[in-house]
Amino acid sequence: MKITESMHGPSRRLMGTAAAVAVTAGIILSSSSRASADFVAPDWAAQGFPSGKPVPISGSLAGETQKVPIPPVVDAWTKAVVAMAPNPIPNLSVNGELGAPGWAYNPSTDITNCPENTWAITYDDGPGDLTQQYLKLLADNKATGTFFTIGANVVNKAQWANNLQLAYNAGHQIALHTWTHRRLTNETTEQIIAELVWNALAVKQVIGKVPRYMRPPYGDTDDRVRAILAAFGFRQVIWNVLTNDTAIPAGDTGTWKVADAVKLINNTIKLGPDATGLGYLPHTGGYISLEHELTAEEFTVAQKVIALVAGNKYKFATVAMCDARSDTDADRYMTDADPFLKFLNGVKIPVDRSGGSSGTAGTNAKSAGLARGSTFSTMLQKT
């Protein structure tokens, strides 16, 4: 059985209040789950941000019935980002069909591994109700993690924006994960740019920084996506080992269980970098693991993974440390020398969307970013 990071539809990544309450069963939130006394969530609507609330869609996979709409396309943003591209953005199929140029791991551009005996713990799809549980877990293990953040979740609830700030204040690396968690190869260039600008702008409004690193949802990328990311100045992060924690249903009652995720990590540690039969990407004895931060089952996996990593004497690191071999603020976040930060600093709040066109809400599987199944980086055999 092939296990993929996309076995569950992306709607579970962007959660409404009822769903968020449901997945916290069995998790006791700490007393610090209240917002920080000095934190005031932005008035996102007054600042011109689109809503982060999912809306009904038709035509879906994995039973998905709701999706956050693609954020508004702003023509001025598209022109500015395209003008920053060091090379022309290729005109590839928006459908992102398997076999399109560059639809595979590219060692010259994609970050997938860490130095020997180093492990970067990464958590996707937050912030959410459980973020503070992950912060405590990392603190208890004296570990620093990297959080790949969805823009719509940042604006969805004041507590979630607060949790993002708490993660930043605790010294963890904050990175980008688009606005809606759609497959980027299924979006137009204009839509991809909108996903990333809105994502970066929301994060900047909370932590005052623009992340240098981003991860495409599902690891779904090609040479067009890479060219767009290069225009922004973003570093694209994939992974070389995953837990498939999103495939674990509530109650751990499915065919893929917490125990399977733990076994996967155990096998990775036991067999080492030559264990090509497991299907993860090449590396030199260091790892970037893909995990998620929204459900009780995912948190249980996170607890077990971090114990295994610590117990096997790996050094915890951020993605920036694995990539740049240093971990300064300038390694993690853009500086005044970066053209995209200069551009974003010029975006006035409230945001002026004039001259732009609205993104679509996704009325069918393809426009919702759900046309394909697994991606290149998720072909991992169950062992």
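Keep in mind it's a predicted model, so treat the numbers as computed, not measured.

Chemist: I keep staring at the pairing of strand β7 (residues 173-176) and nothing clicks. Help me out?
Modeler: The side chains of a regular strand alternate between both faces of the sheet. Residues Gln173 and Ala175 point to one face of β7 and Ile174 and Leu176 to the other, with burial holding for every one of them. As paired strands, strand β6 (residues 146-149) and β7 are joined by four bridges and run parallel to one another. What sits directly across from Phe147, in β7, is Ile174.

Chemist: Just to check I follow, could you spell out the pattern of salt bridges for this structure?
Modeler: Here the idea is simple: oppositely charged side chains can pair when their charged atoms come close. Counting across every chain of the model gives nine salt bridges. For the salt bridge of Lys209 with Asp329, the shortest nitrogen-to-oxygen distance reads 3.0 Å. Pair noted here: Lys209 is in the loop between α6 (189-207) and β8 (213-214) and Asp329 is in helix α11 (residues 329-332), with a separation of 120 residues, a long-range link. Residue classification places Asp329 among the partly exposed positions, given a relative accessible area of 38%. Here Arg332 and Asp327 are joined by a salt bridge, their closest N and O atoms 2.8 Å apart. Using a relative accessible area of 11% as the deciding quantity, one classes Arg332 as buried. Overall, the relative accessible area of 29% leaves Asp327 in the partly exposed class.

Chemist: How should the state of the cysteines be read in this particular structure?
Modeler: The term disulfide refers to a covalent linkage connecting the sulfur atoms of a pair of cysteines. Summed over the entire model, instances satisfying the criterion amount to one disulfide. Between the sulfur atoms of Cys114 and its disulfide mate Cys322 the distance is 2.0 Å. Since a negative S-S torsion denotes a left-handed disulfide, the Cys114-Cys322 link at about 90 degrees is right-handed. In this pair, Cys114 sits in the loop between β4 (110-111) and β5 (118-126) while Cys322 sits in helix α10 (residues 319-324), placing the two residues 208 residues apart along the sequence. Taking the relative accessible area as the measure of exposure, Cys322 reaches 2% and is therefore buried.

Chemist: In this structure, what is going on with the environment of Glu297? I would like to understand it.
Modeler: Considering the arrangement of structural elements, one finds Glu297 in helix α9 (residues 296-311). It is 8.5 Å that separates the C-alpha atoms of Glu297 and Thr246, two residues lying 51 residues apart in sequence. Ignoring sequence-local partners within four residues, the contact set of Glu297 consists of Ile248, Pro249, Ala250, Gly251, Asp252 and Val258. One polar contact links the side chain of Glu297 to the main-chain amide nitrogen of Gly251, over a distance of 2.9 Å.

Chemist: Got a minute to help me understand the packing of aromatic side chains in this structure?
Modeler: Each aromatic ring pair is summarised here by two numbers: the centre-to-centre distance and the angle between the ring planes. Tallying each qualifying case throughout the model produces 15 aromatic pairs. Geometrically, the ring pair formed by Tyr123 and Phe147 is tilted, given 5.4 Å between the ring centres and 45 degrees between the ring planes. Linking Tyr123 in strand β5 with Phe147 in strand β6, this pair joins segments that are 24 residues apart in sequence. Here the basic side chain of Arg183 rests over the ring of Tyr218, its NZ or CZ set 4.2 Å away from the ring centre. Seen from the ring of Phe148, Arg215 lies directly overhead, with NZ or CZ sitting 4.3 Å from the centre.

Chemist: How should the packing of helix α3 (residues 131-140) against α9 be read in this particular structure?
Modeler: Geometrically, a packed helix pair is captured by the angle between its two axes and the distance between the axes. At their nearest, the axes of α3 and α9 sit 11 Å apart, and the two run at 10 degrees to each other. For the element pair α3 / α9, the angle class is roughly parallel. On α9, the residues touching Gln133, Tyr134, Leu137 and Leu138 of α3 are Glu298, Phe299, Ala302, Gln303 and Ile306. Looking at the contact of α3 with α9 residue by residue, the classes come out as six nonpolar, two polar and one charged.

Rules used in this analysis
Residues numbered from 1 in each chain as written. Predicted model: local features only at pLDDT ≥ 70, side-chain atom pairs only at ≥ 80, totals over all residues. Heavy atoms only, no water. Buried < 20%, exposed > 50% of the residue type's maximum accessible area, 1.4 Å probe, protein only. Helix = DSSP H or I, 4+ residues; strand = E, 2+ residues; numbered from the N terminus. Pairing = 2+ DSSP bridges. Salt bridge = Lys/Arg side-chain N within 4 Å of Asp/Glu carboxyl O. Disulfide = S-S within 2.5 Å. Contact = heavy atoms within 4.5 Å. Polar contact = N/O pair within 3.5 Å; in protein donor to acceptor, adjacent residues only side chain to side chain. Phe/Tyr/Trp six-rings, centres within 6.5 Å; stacked < 30°, edge-to-face > 60°. Lys NZ or Arg CZ within 6 Å of the ring centre and 35° of its normal. Axes fitted to C-alpha atoms, helices over the stretch in contact; angles between N-to-C directions. Parallel < 35°, antiparallel > 145°, perpendicular 65-115°, else oblique. Nonpolar A, V, L, I, M, F, W, Y, C, P; charged D, E, K, R; others polar.

All we've got here are geometric facts, nothing functional implied.
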